[in-house]
Amino acid sequence: MNITVICVGKIKEKYLKSAIEEYTKRLSRYCKLSIVELNDEKTPDNASEKEETIIKEKEGEAIVKSIKDNMFVIALELAGNMLSSAELSNYIMDLGVRGESNIAFVIGGSLGLSKAVLERANYKLCFSKMTFPHQLFRVMLLEQIYRGFRIISGEPYHK
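K.L.:
Give me the lowdown on the environment of Met130, citing residues and values where you can.
P.N.:
Following the sequence through the fold, Met130 ends up in the loop between strand 5 (123-126) and helix 5 (134-152). Of the residues examined, Met130 reaches a relative accessible area of 57% and is grouped as exposed. Counting along the chain gives 104 residues from Met130 to Arg26, while the straight-line C-alpha distance between them is 27 Å.

K.L.:
Provide a residue-level description of the packing of helix 1 (residues 14-27) against helix 5, including the pertinent values.
P.N.:
Here helix 1 crosses helix 5 at 20 degrees, and the two axes come no closer than 10 Å. Judged on the interaxial angle alone, helix 5 and helix 1 are roughly parallel. Remark: the crossing between helix 1 and helix 5 carries left-handed chirality. Packed against helix 1, whose contacting residues are Leu16, Ala19, Ile20, Tyr23, Arg26 and Leu27, the element helix 5 presents Gln135, Leu136, Arg138, Val139, Leu142, Glu143, Ile145, Tyr146 and Phe149 at the interface. Its residues assigned to classes, the contact of helix 1 with helix 5 comprises 11 nonpolar, one polar and three charged.

Calculation criteria
Residues numbered from 1 in each chain as written. Predicted model: local features only at pLDDT ≥ 70, side-chain atom pairs only at ≥ 80, totals over all residues. Heavy atoms only, no water. Helix = DSSP H or I, 4+ residues; strand = E, 2+ residues; numbered from the N terminus. Buried < 20%, exposed > 50% of the residue type's maximum accessible area, 1.4 Å probe, protein only. Axes fitted to C-alpha atoms, helices over the stretch in contact; angles between N-to-C directions. Parallel < 35°, antiparallel > 145°, perpendicular 65-115°, else oblique. Left-handed = near helix turned anticlockwise from the far one by under 90°. Contact = heavy atoms within 4.5 Å. Nonpolar A, V, L, I, M, F, W, Y, C, P; charged D, E, K, R; others polar.

Below, the structure written as structure tokens:
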């Protein structure tokens, strides 16, 4: 299975880079993982709603260009469906059974995802109603994907 994480913003913090490298290494046993980092647009302080929409649209254009036609797209979205770790694992396994072997998880920038990205998404997933920094969220997503593959493989996953 091919897993692509398409994300807005570059990771600068060493501790986050280290965690991403660790989960990338762990996931290599289960799938081919690629991470596509896209530039984030600078958001001015006190940006108007119109300015924020323009920024999301610019980031969204870059995201959509990064999505291949054969990808099953899962957008990380506050208005998405909430799943347990076991349910996410089952969902990934079901996608594989259905022949969806190229899955893209999309993490937007600090303003979220554009309408175009949400329309392209095949599924919308919400981890929590809480807000997380998108850099930290990348680590959380990789951990849950790793946990999912451990569950699929019948291996312990709660440690």
